[in-house]
Amino acid sequence: GCKFVWRGSPGYSQPSSNPSYGGSGYGQPPPSSNPSYGGSGSGQIPVVQAAPAQVVTLRVKAPPNSYPGMQIRVAHPQTGALHVVAIPNGVHPGGEFRVNLN
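Residues numbered from 1 in each chain as written. Predicted model: local features only at pLDDT ≥ 70, side-chain atom pairs only at ≥ 80, totals over all residues. Heavy atoms only, no water.

Attention now goes to the pattern of salt bridges. It is possible for side chains of opposite charge to pair when their charged atoms get near one another. In total, this model carries one salt bridge according to the counting rule given. As a salt-bridge pair, E96 and R59 come within 3.5 Å of each other at their nearest N and O atoms. Of this pair, E96 sits in strand β4 (residues 96–101) while R59 sits in strand β1 (residues 56–61); the two residues are 37 residues apart in sequence, bridging distant segments of the chain. (Salt bridge = Lys/Arg side-chain N within 4 Å of Asp/Glu carboxyl O. Helix = DSSP H or I, 4+ residues; strand = E, 2+ residues; numbered from the N terminus.)

Further remarks concern the nonpolar core. Counting residues in each nonpolar core, the largest one holds twelve residues, listed as V56, L58, V60, A62, I72, V74, V85, I87, V91, F97, V99 and L101. Those residues within four positions of V74 in sequence are excluded, and the remaining contacts are L58, V60, A81, L82, H83, V85 and L101. (Core = buried A, V, L, I, M, F, W, Y, C linked by side-chain atoms within 4.5 Å. Buried < 20%, exposed > 50% of the residue type's maximum accessible area, 1.4 Å probe, protein only. Contact = heavy atoms within 4.5 Å.)

Although it is not a glycine, N65 sits at a positive phi angle of roughly 65°. Mapped onto the fold, N65 is located in the loop between β1 and β2 (71–75). Overall, the relative accessible area of 71% leaves N65 in the exposed class.

Turning next to the confidence of the model for the protein. For the protein, the average pLDDT comes to 73, and 56% of its residues sit at 70 or higher. The low-confidence segment residues 8–25, where pLDDT is below 50, has 15 contacts with residues more than four positions distant or belonging to other chains. (pLDDT = per-residue confidence, 0-100.)

In structure tokens:
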């Protein structure tokens, strides 16, 4: 028969079909690991209760040199997330308008 020699790994003289590898295949995860990538390793995906999104209404002052239809960024007061909003028609620099953010 044909004999394979693994270079750099003395003592191994056969390919991965050698029963001394445990039968799981070299480099493969053990059979007990969760293939769904649940992250917990227990085979179950955790359930997280999410709070309903609350709408926040902000009063925004149009910046200098702005114009109706211009897009500006507004930061959410609690999360700090930036939202792009358009200045409504009829609002000029220094004018205020309301924005609803999730």
